[in-house]
Amino acid sequence: MNERSDFDELLRSRLEGMSEPAPDVWEGIVKGLDRHRRAVIFRRFSVGVAAAAAGLAIAWLVFRGPQTGEQLQVPVQTAQHVDVTTPGPVTDETPEIAPIAEQVAAFTRNQSVARAEKVDKPSTPATAVPVSDQTGEPVEPKTEPQPSVATEPAANPAETPSVEPNKPVEPQPQLTEDDLPDGFWDGDDTDTRKTHTSQLTIFSNLTAVASENDLIYKASPSHASSQTGKGQATSSVEPLSGSPKFFVPLSAGVQVAVPLTERLLVASGLRYTYLVSQYDMLVNKEKFEGAYNQLHYLGIPLELSYRFVQTYGFGLYASVGGAAEKCVAQRYVYGSNTLREKVGGLQWSAQAGLGAEYWFAQRAGIYFDPSLVYYFDNSQPLSIRTQQPLQARFEVGLRFKL
Amino acid sequence: MYPVCVRYLGREDAKDVLQEGFLTVFEKIGTYKGEGSFEGWMRKIFVNASLMQIRRSDALRHAEDIDETPESGGSLDYGVLEQISSREIMDQVATLPQGLRSVFNLFVLDGYSHAEVGAMLGITEQSSRSQVSRARSLLQEKIKKLYERKK
C-alpha cells in the first residue's frame, strides 16, 4: 500500500533540490574519494616494499656473520710497508724495524681509530706477526736479511730516518675507548663493558588488527553484547549487538633492561595504552548509536630477551614475557554527554617476538620489535583485546645505555 | 545539507548540527565504500545528527501526546504549492511541532518507512502513521493560510 499521498510527492519534489549542490558536485567529491583510495593503496604497497627491504637487510646481516680477519690485517700490513721502504742500512736484525712500525701503526690508529684498536696486537714489536701480502695469513718470521733491503744500501746515509737502530723500544700507549671522542662508537658490541650495561628504552607501538581500512577494525556482530565482564557488572552501559568498530590501540612507555649475562636481559617498566571502540549501546536504558568507549590502561611489562646476533652495531634478539595492566580510566562518549566508570581487575597478557636493533651512537640506538601478544580473558570491558585476543604488535623505540 | 538540518531543527539549531555533521563526515569518510550515492550517505549522517540533537533536547518526550492533537486542516488545492516558494514551504515545515516535524521529515521528505521511523524515534509504527497524517493536515492548513495572506 502506498501511504504517500500526492501532496507528499509534490512537497518532496519542491524541497528536494533546494540549496543542494548540483549533481556534478557530488560526482566530483566521489572522484576525489577514489583518488584518496588509490593513494591509500599506493601507501600500503610502499610500506610493504619497505618492510621487505628491511627484512632482506636484516637477513643479510644475520647470514654475513662477523668478519674479524680484516681487522687483523690493518696494522701488520703497515709494518711490512715500512720494512720494504726504509732506505737505511738494515742488517739481518729485523727487530730494529719494529719501533718504526709501531710508530706508524700508532699514527694510523690516531688517524682512523675505529678498527685498529680491536686488533690482537702482539706484546712484542711487529716482528712477531709478519703477514702475507696476498693472503693476509700469518707466515713464519724470516730470520734472513731481506734481499731487497740488504743489497741496496742507502746512497746517502745522512738522509736515513732519525731512528737509531739499537734504541730501546718504548712501549706505545694503548688506545682505549676513553681516548675516543665523545659519541664515537667503534661499531663493536662484543665488549663486555658495553653489553653488560643496563638499557633504558622509550617506545611506542601500534597493534595490528584485521582492518577494513586504515585505522578501524569492524567486528562481526555476534560478539558485542557478551563482552562486558566483572568490571562492568554494575555498569549503566550495555553494548548492543551490532557492528562494533575498534580503533588501532596506541601504546607508549619506558622500560629498563638489566643484563643477566652477556646476551640475556630482563626488562621491566611502565606502559600506557589507549583503546577506543565505537558501538551502539544502551545508557540508562536509552539507545545511542555509534557511541564511543575510551579505555586508558597502565601496565607493567616483564620481558626476557636473548640477543643471538650482535655485530657492527646491529643486534637481533628474541623475547618472551608478559604484562599486567590496570584500566585506570574508562569513558563513554555519546552525543554530547560523557560518562566515566571504574573498571576492576587486571588485564594479563603474554607475548613473544623477534626484534632488531641498531646502535647509531655509542650509547643510543633504535629498535623495531614485532611480536605476538595474547590477551587473557580477565573480564575487561569490550575492546579490541576482548574481541581479538591474539594480536600482532609492532613496537619501535629508542634505547639508551645507562 | 543545511536545508536537511533546518527541516528537522529550525534555522538556529541547524547551524550547530551542520557543524557536527560535517565533523562526523570527515571522521568517517574512510568508511564510505562507494555503495549507494555519496549524497545519500551524507544525508543519512546529517539526519542522524539532527535526531541526536532532538533527543538531547528531549523534544520527543511528549511526541506520543501529539496523538491527542485533533486532526485539523482540510483539503488543499495542490496548485497552491506552485504559488509558494520552496523556502516558504520549508519555513512552514519548520514551524510544525518538533515531534510531528521529525516524523513528517523522516517519512515524507527522507523516504523512511513507518517501521524505520518508529525504530529511529522510539515510537510505535502506528504512532508514526498517525503523526504523519496529523502533520500533513497541519502543514496543508499552514500553507493555505500563507497563500491567503499573500493574495
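The coordinates are above.
Residues numbered from 1 in each chain as written. Chains lettered and ligands numbered in written order. Predicted model: local features only at pLDDT ≥ 70, side-chain atom pairs only at ≥ 80, totals over all residues.

A few points about the overall build of chain B
Phase 1: In terms of regular secondary structure, chain B is built from eight helices and zero strands.
Phase 2: Reading the secondary structure of chain B in the N-to-C direction produces α-α-α-α-α-α-α-α.
Phase 3: The buried share of chain B, taken over its 151 residues, is 35%.
Phase 4: Residue pairs in contact within chain B that sit at least 24 positions apart in sequence constitute 75% of those at least 6 positions apart. (Helix = DSSP H or I, 4+ residues; strand = E, 2+ residues; numbered from the N terminus. Buried ≥ 20, exposed ≤ 12 C-beta atoms within 10 Å, placed from the backbone. Contact = placed C-beta atoms within 7 Å.)

Looking at the overall build of chain A
Phase 1: In terms of helices and strands, chain A carries eight helices and 12 strands.
Phase 2: A total of 402 residues make up chain A; the buried ones form 24% of that total.
Phase 3: The contacts of chain A with a sequence gap of at least 6 include a subset with a gap of at least 24, amounting to 69%.

A short note on unusual backbone geometry
When glycine is set aside, most residues are seen to have a negative phi, and most peptide bonds are trans.
Phase 1: Phi at A:Ser379 is positive, roughly 55 degrees, even though this residue is not glycine.
Phase 2: Exposure remark for A:Ser379: the 17 C-beta atoms within 10 Å place this residue in the partly exposed category.

Describing the nonpolar core
Residue and element names in this part refer to chain B.
Phase 1: Of all hydrophobic cores here, the largest spans 20 residues; its most connected members are Leu 96, Val 103, Phe 104, Phe 107 and Ala 135.
Phase 2: With seven residues, helix H6 (residues 98-109) is the largest single contributor of residues to this core.
Phase 3: Once you skip the residues sitting within four places of it in the chain, Leu 96 turns out to touch Arg 101, Phe 104, Ala 135, Leu 138 and Leu 139. (Core = buried A, V, L, I, M, F, W, Y, C linked by C-beta atoms within 7 Å.)

Some thoughts on the environment of B:Val6
All names here are of chain B.
Phase 1: Within the element layout of this structure, Val 6 appears in helix H1 (residues 2-9).
Phase 2: Judged by the 24 C-beta atoms lying within 10 Å of it, Val 6 falls in the buried class.
Phase 3: As for Val 6 and Leu 18, which are separated by 12 residues in sequence, their C-alpha atoms are 9.2 Å apart.
Phase 4: When near neighbours in sequence (up to four residues on either side) are disregarded, Val 6 contacts Arg 11, Ala 14, Met 90 and Ala 94.

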